[in-house]
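Breakdown of the fold
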Amino acid sequence: MVDDPHNTWRDLAQRELRDTPTTSLDRDYGGLTVHPVYLGDGEAIPGVEPFTRGVRATMYANRPWTIRQYAGFSTARESNAFYRQALERGQKGLSVAFDLATHRGYDSDHPRVTGDVGKAGVAIDSVEDMKLLFEGIPLDQMSVSMTMNGAVLPVLAMFIVAAEEQGVPQGKLEGTIQNDILKEFMVRNTYIYPPEPSMRIVGDIIAHTAEYMPKFNSVSISGYHMHEAGATAVQELAYTLADGMEYVRSAQRRGLDIDAFAGRLSFFFGIGMNFFLEIAKLRAARTLWSTIMTELGAKDPRSKMLRTHCQTSGVSLTEQDPHNNLMRTTIEALAAVLGGTQSLHTNSFDEAIALPTEFSSRLARNTQLILQHESHVTDVVDPLGGSYYVEALTADLVAKAKALIAEVEAQGGMTAAVATGGPKLEIEKAAAQRQARVDRGEEVIVGVNRYRLEDAAPLEVRGIDNASVRDEQVARLAEIRRSRDEGKCQSMLAALREYAAKDEGNLLSAAIEAARARATLGEISLALEDVFGRHTAITRVITGIYADGYAGDPEFAAMQGRLAAFEAHNQRPPAIFIAKMGQDGHDRGAKIIASAFADLGFLVHVGPLFETAGEVAAHVAELQVDAVGVSSLAAGHRTLVPELIAELAARGVAEVTVIVGGVIPEADYPFLRDAGVAEIFGPGTNVLEAAARVLDRIEGRLSNR
């Protein structure tokens, strides 16, 4: 690449360190001198395009990654107390988790979100909630990351107004808004509007922040949720970078110069348990992005740097023998660090069961502190650079991801590809294939399909009183609406609708004015929905993938035989309705069950996302199914499942077998069983075993008629 890589690196390092001599980065290991970087002739250099070895010459040898734990629950007041405690104990940046009602653009008093308020994130309905969330936290000194996509306009607008009323102007705000709507249509599903107007919102946010918020990252392009949905490393790389290309082009169509905004784009990747593959993935991502941005016209090297946040995998956490998750998270955190992440969240060991406790959160945070202060992993830049294995993996990922990106480009880009449902389908296939490998024991999960612990001690988990949180939020909303200038508020909402309808003006700027007038999150979202409509996804069930993974397996064949016998005896197959209630869009588990059960011989109906208990019960009654399986990953089961059982009874189908699967704390099992649930399946359940138990229940019910 260069004639003298060592001198090039020293020049770059000197600029980063200013007046600090680069020799001060050397470390003494008991008489052994360890240098901050190791280079060979012609090798890639950290801080130099294409940034394979890191976006800065000195990386962690000068400054370690930012510890940024993702957290939020219940009310703004409770989350604020949690944040302040975490900051006192070593956390360096805030990363806000919002509840699903907020994500989907509903105020807490909306009838569709009764089971979602304050669950799996903090409830934010107004500027007053946002002010309370950051009370006592100086926003001119704290970097704040917000995972928000669907309701991104009101959330970012309220953050800006809350900061202003704290005395901090927009120009001083540092942090990131995720604002990555394309991946929502593929995997996470917290969208609100159709793809085209959603892309307009992304572009308006990029434009506004480029002009008024120079320290703020306008998009965090997320592969994490693809990773969690089951994407392969190649899929995660290719689809994430293709999303990024689409956002860049959207901004360019607005007349923005690429170098005026590209330096404020960031990325977000998931880190799983394939240690060296995850390291290579981050190195490949930087290599690819540098080339992509050059081809899109970037000249400034900062525009070509892929800066990323990483999070350890949630799907790798197990409900069974959960203390094993401490080791899993540590391995994944180390992979992210050796891959060169800029900030990191480490999951708590109990997150496969419930929201993390203060105890588990402290251990997760300390995992990073120990890596930073005790492991000496920060002493050397890209210590695996030059490894034959890692370099080969990196090159292979680059080549295969580049080929997949070319396929997306041939379809007209990621917006067009997403509209066909192709990327979503490919990720679902990959997830089903992996589940079959795990269920067969080909892929070992310690404590789940091998080395199982028979008697596990119960864990203390964090519980959220959904009803009391919702009552508090409803009262706060009533006070906001009572005390505001209603005429001014409605005028600002009307202006927002007009901007949206006429395709003119900046929607974020208009949303800020509405937030200042104390319009609520739901009102701002609805004003846009009046113009854009609300997106409804097409639900499809893939077939054949799970069965292919079990080809020749005697247990699978035996289960198919049982189902064939049922069909012969009853002149029909057993029928099950798979339901997702509330605003939880995480549907990996539901899709895997639907796919596997269909391959086995069940008649499977999959309902739309985001249904109410009444809507699900109506489908069940109309279809006359034998069982309804409720998938719950966001803690709404205590509210929504009893509602469903009551609705089934009201429609005269109380005898239908009710099954619940997902992230369910074991302490909630008695409550659900008392409510009328027949079977409960937690994370890591073998799908064949689940199918057998469901069929047992159906056959038992029919024989008792």
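As a further point, take the overall build of the protein. The helix and strand inventory of the protein stands at 28 helices and 16 strands. Taken against the 2.2 N^0.38 rule, which gives 27 Å for 705 residues, the C-alpha radius of gyration of the protein at 26 Å falls within 12% of a compact globule. With respect to the principal axes defined by its C-alpha atoms, the protein has extents near 85 × 65 × 50 Å. Scored against the burial criterion, the 705 residues of the protein give a buried share of 59%. Within the protein, contacts between residues separated by at least 24 positions form 79% of all contacts whose residues are at least 6 apart in sequence. Of the charged side chains in the protein, 69 are positive and 93 negative; the average position of the first set lies 2 Å away from that of the second.

Ordered in space as S13-S12-S14-S15-S16, the 5 strands form an open sheet in which the pairing is parallel. Whereas interior strands pair on both sides, the edge strands pair on one side only; in this sheet they are strand S13 (603–606) and strand S16 (679–681). Here the strands of the sheet are splayed against their neighbours by 20 degrees on average, with no regard to which way each runs. Relative to S13, strand S12 (residues 575–579) runs parallel, the two being bridged by 4 bridges. Across the sheet, Phe577 pairs through a bridge with His605, a residue of S13. Its contacts with the sheet put helix H25 (residues 613–623) on S12, S13 and strand S14 (627–632), and the angle it makes with S12 is roughly 165 degrees. Across the sheet, helix H28 (residues 687–703) is in contact with S12, S14, strand S15 (657–662) and S16; its angle to S16 comes to roughly 170 degrees.

With that settled, consider the pattern of salt bridges. Counting across every chain of the model gives 52 salt bridges. Residue Asp396 pairs with Lys400 through a salt bridge whose shortest N-O separation is 2.8 Å. With Asp396 and Lys400 both in helix H15 (residues 388–410) and 4 residues apart, this pair spans about one turn of that helix. The class of Asp396 is partly exposed, set by a relative accessible area of 38%. Between Lys502 and Glu498 there is a salt bridge, with the nearest N and O atoms lying 2.8 Å from each other. Placement of both Lys502 and Glu498 in helix H19 (residues 486–502) is noted, with a separation of 4 residues, approximately one turn of the helix. Beyond isolated ion pairs, a larger network of salt bridges with shared partners links Asp107, Asp109, Arg481, Arg484, Glu486 and Glu523.

Turning our eyes to something else, we now look at the side chain of Arg56. By the element assignment, Arg56 lies in the loop between strand S2 (32–34) and helix H2 (59–62). Polar side-chain contacts of Arg56 include one of 3.0 Å to the backbone oxygen of Met59. Filtering out sequence-adjacent residues up to four positions away, Arg56 remains in contact with Glu16, Pro46, Gly47, Asn62 and Arg63.

What the rule picks out here adds up to 16 aromatic pairs. Measuring from ring centre to ring centre gives 5.6 Å for Phe134 and Phe159, while their planes differ by 70 degrees; the resulting arrangement is edge-to-face. Remark: Phe159 occurs in helix H6 (residues 152–165) and Phe134 occurs in the loop between helix H5 (127–133) and strand S5 (143–146); sequence separation between them is 25 residues. A relative accessible area of 1% places Phe159 in the buried class. Here Tyr546 and Tyr550 contribute two aromatic rings whose centre-to-centre distance is 5.3 Å and whose plane-to-plane angle is 35 degrees, an arrangement assigned as tilted. Of the two residues examined, Tyr546 and Tyr550, each falls in the buried class. Joined through ring pairs, the aromatic side chains of Phe134, Phe159 and Phe216 make up one cluster. Cation over ring: Arg104 sits above Phe610, and NZ or CZ is 3.5 Å from the ring centre. Above the ring of Phe671, the side-chain terminus of Arg638 is found at 4.0 Å from the ring centroid.

The next point concerns the environment of Ala618. Secondary-structure assignment places Ala618 in helix H25. According to the relative accessible area criterion, Ala618 is partly exposed, its value standing at 32%. Expressed as a C-alpha distance, the spacing of Ala618 and Arg651, which sit 33 residues apart in the sequence, is 7.6 Å.

Another point: helix H21 (residues 521–532). In this model H21 runs 16 Å from its N-terminal to its C-terminal C-alpha over 12 residues, within 8% of the 16 Å that 1.5 Å per residue would give. Of the positions making up H21, those classed as buried are Leu521, Gly522, Glu523, Ile524, Ser525, Ala527, Leu528 and Phe532. Structurally, H21 contributes buried residues whose contacts are with helix H4 (100–103), H6, helix H8 (195–212), helix H18 (466–483), H19 and helix H20 (507–516). Looking one or two places after H21, you find Gly533, whose phi comes out positive at around 85 degrees.

Another aspect to go through is the pairing of S15. Among the 6 residues of S15, 6 are classified as buried, and the element is accordingly described as predominantly covered. Along S15, one buried face is formed by Thr657, Ile659 and Gly661 and the opposite face, lined by Val658, Val660 and Gly662, is buried too. In this sheet, S15 lies alongside S14 in parallel orientation, the contact comprising 6 bridges. Within S15, the position partnered with Val628 by the bridge is Val658. Inspection of the sheet shows S15 paired to S16 by 3 bridges, in the parallel sense. Along S16, the bridge assignment pairs Ile659 with Glu679.

With that out of the way, let us pick up the nonpolar core. With 87 residues, the main nonpolar core has Tyr247, Trp289 and Met414 as its most contacted residues. Setting aside its immediate chain neighbours within four residues, Tyr247 contacts Asn179, Asp180, Ile181, Leu182, Lys183, Met199, Val202, Ile206, Val219 and Ile221. Met130, Val152, Ile512 and Leu521 belong to the second largest nonpolar core, which has 58 residues in total.

Scored by pLDDT, the protein has a mean of 91; 97% of the residues are at 70 or more. Element-level mean pLDDT values for the protein span from 78 in strand S3 (residues 66–71) up to 98 in helix H12 (residues 275–295).

What follows concerns the pairing of S12. Counting buried residues along S12, 5 of its 5 residues qualify, which places the element largely inside the surrounding structure. Alternating positions in S12 separate into two faces, Ala575, Phe577 and Ala579 on one and Ile576 and Ile578 on the other, with burial throughout. Read as a crossover between parallel neighbours, the route from S12 over helix H24 (residues 588–600) to S13 is right-handed.

On the surface, a cluster of nonpolar side chains totalling about 280 Å² of accessible area is made up of Val444, Val446 and Tyr451. Secondary-structure assignment places Tyr451 in the loop between helix H17 (422–440) and H18.

Across residues other than glycine, the phi torsion is negative in most instances, and most of the peptide bonds are trans. The residue after Glu49, namely Pro50, is reached through a cis peptide bond having omega 5 degrees. Tracing the sequence through the fold places Pro50 in the loop between S2 and H2. One non-glycine residue, Phe51, adopts positive backbone phi at about 65 degrees. With a phi close to 55 degrees, Asp503 is a non-glycine residue in the positive phi region. Within the secondary structure, Asp503 is located in the loop between H19 and H20.

What counts, and where the lines are drawn
- Residues numbered from 1 in each chain as written.
- Predicted model: local features only at pLDDT ≥ 70, side-chain atom pairs only at ≥ 80, totals over all residues.
- Heavy atoms only, no water.
- Helix = DSSP H or I, 4+ residues; strand = E, 2+ residues; numbered from the N terminus.
- Rg over C-alpha atoms; globule rule 2.2 N^0.38 Å.
- Buried < 20%, exposed > 50% of the residue type's maximum accessible area, 1.4 Å probe, protein only.
- Contact = heavy atoms within 4.5 Å.
- Lys, Arg positive; Asp, Glu negative; His and termini not counted.
- Charge placed at Lys NZ, Arg CZ, Asp CG, Glu CD.
- Pairing = 2+ DSSP bridges.
- Axes fitted to C-alpha atoms, helices over the stretch in contact; angles between N-to-C directions.
- Salt bridge = Lys/Arg side-chain N within 4 Å of Asp/Glu carboxyl O.
- Polar contact = N/O pair within 3.5 Å; in protein donor to acceptor, adjacent residues only side chain to side chain.
- Phe/Tyr/Trp six-rings, centres within 6.5 Å; stacked < 30°, edge-to-face > 60°.
- Lys NZ or Arg CZ within 6 Å of the ring centre and 35° of its normal.
- Expected span 1.5 Å × (residues − 1).
- Core = buried A, V, L, I, M, F, W, Y, C linked by side-chain atoms within 4.5 Å.
- pLDDT = per-residue confidence, 0-100.
- Right-handed = clockwise from strand over helix to strand, strands pointing away.
- Patch = residues over 30% accessible without salt bridge, like charges linked within 9 Å, V, L, I, M, F, W, Y side chains within 5 Å.
- Areas by Shrake-Rupley, 256 points an atom, 1.4 Å probe, with all protein chains shown as cover.

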